[in-house]
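# An overview of the molecular structure
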Amino acid sequence: DGGITQSPKYLFRKEGQNVTLSCEQNLNHDAMYWYRQDPGQGLRLIYYSQIVNDFQKGDIAEGYSVSREKKESFPLTVTSAQKNPTAFYLCASSITGGLRDTQYFGPGTRLTVL
Amino acid sequence: QKEVEQDPGPLSVPEGAIVSLNCTYSNSAFQYFMWYRQYSRKGPELLMYTYSSGNKEDGRFTAQVDKSSKYISLFIRDSQPSDSATYLCAMNAGGYQKVTFGTGTKLQVIP
């Protein structure tokens, strides 16, 4: 089955710790995205990547970092610099990231800071 | 003012009702319009995708775009309890533009 997987499903972090969220896709999509979802705020774009070894900041990149060493993988690190990291994190992918391209989402990771 | 406005609900309807979900937007450059359905604690799944103005139908779902009013709608006919979810509208201007999402409307269909 083709799709997007995210792990873990739930993650707990102590203040001051960095944590890495995994996102893998076997859809052969070039573009991948990370969003954060908070109640009443919709999805906000953190980072996106249209090609391996290249990525761009989204609207709320501060306190986050990413890498794109392989086409199928786009891990997100939530650093201790992120002031309010508790949220639902969604990874998505699309064929190219271009015209008329639609995004397909993974199941999400819920991060809670203790 | 947000680029995309969506009533958060919750919207409660009896089973079998026709549901109307709406979004308004301010950016006249938006050309591509999408509706996603998100069940609790799950990722959004794409329901409908339309380009520019007009209607698009898929089974019980109809997406409608009125660019002159900057208003989009999703209609659900013969609503079922399994339709209970949060519905997100999304739109972009095309090209390598980011997608802008609404905040979502929570729908509950009562058996």
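The structure this text deals with has already been given above.
Residues numbered from 1 in each chain as written. Chains lettered and ligands numbered in written order. Predicted model: local features only at pLDDT ≥ 70, side-chain atom pairs only at ≥ 80, totals over all residues. Heavy atoms only, no water.

## A word on unusual backbone geometry
Note that the residue after S7(A), namely P8(A), is joined by a cis bond; omega there is -5 degrees. Considering the arrangement of structural elements, one finds P8(A) in the loop between strand 1 (4-7) and strand 2 (10-13). Residue P10(B) is reached from G9(B) by a cis peptide bond, and omega for that bond is 5 degrees. Secondary-structure assignment places P10(B) in the loop between strand 1 (4-6) and strand 2 (11-14). A positive phi angle, near 65 degrees, is found at R41(B), a position not held by glycine. Examined against the element boundaries, R41(B) turns out to sit in the loop between strand 4 (32-38) and strand 5 (45-51). (Helix = DSSP H or I, 4+ residues; strand = E, 2+ residues; numbered from the N terminus.)

## A look at the sheet that holds strand 1 of chain A
Residues and elements named next belong to chain A. Read across the open sheet, the four strands follow the order 1-3-8-7; overall the sheet is antiparallel. Looking at the sheet topology across the chains shown, the edges are occupied by strand 1 and strand 7 (64-66). Direction aside, the axes of adjacent strands within the sheet are offset by 20 degrees on average. Pairing geometry for strand 1 and strand 3 (residues 19-25), over four bridges, is antiparallel. In the strand pairing of strand 3, Q6 is matched with C23. (Pairing = 2+ DSSP bridges. Axes fitted to C-alpha atoms, helices over the stretch in contact; angles between N-to-C directions.)

Taken by themselves, the reported measurements are silent on function.
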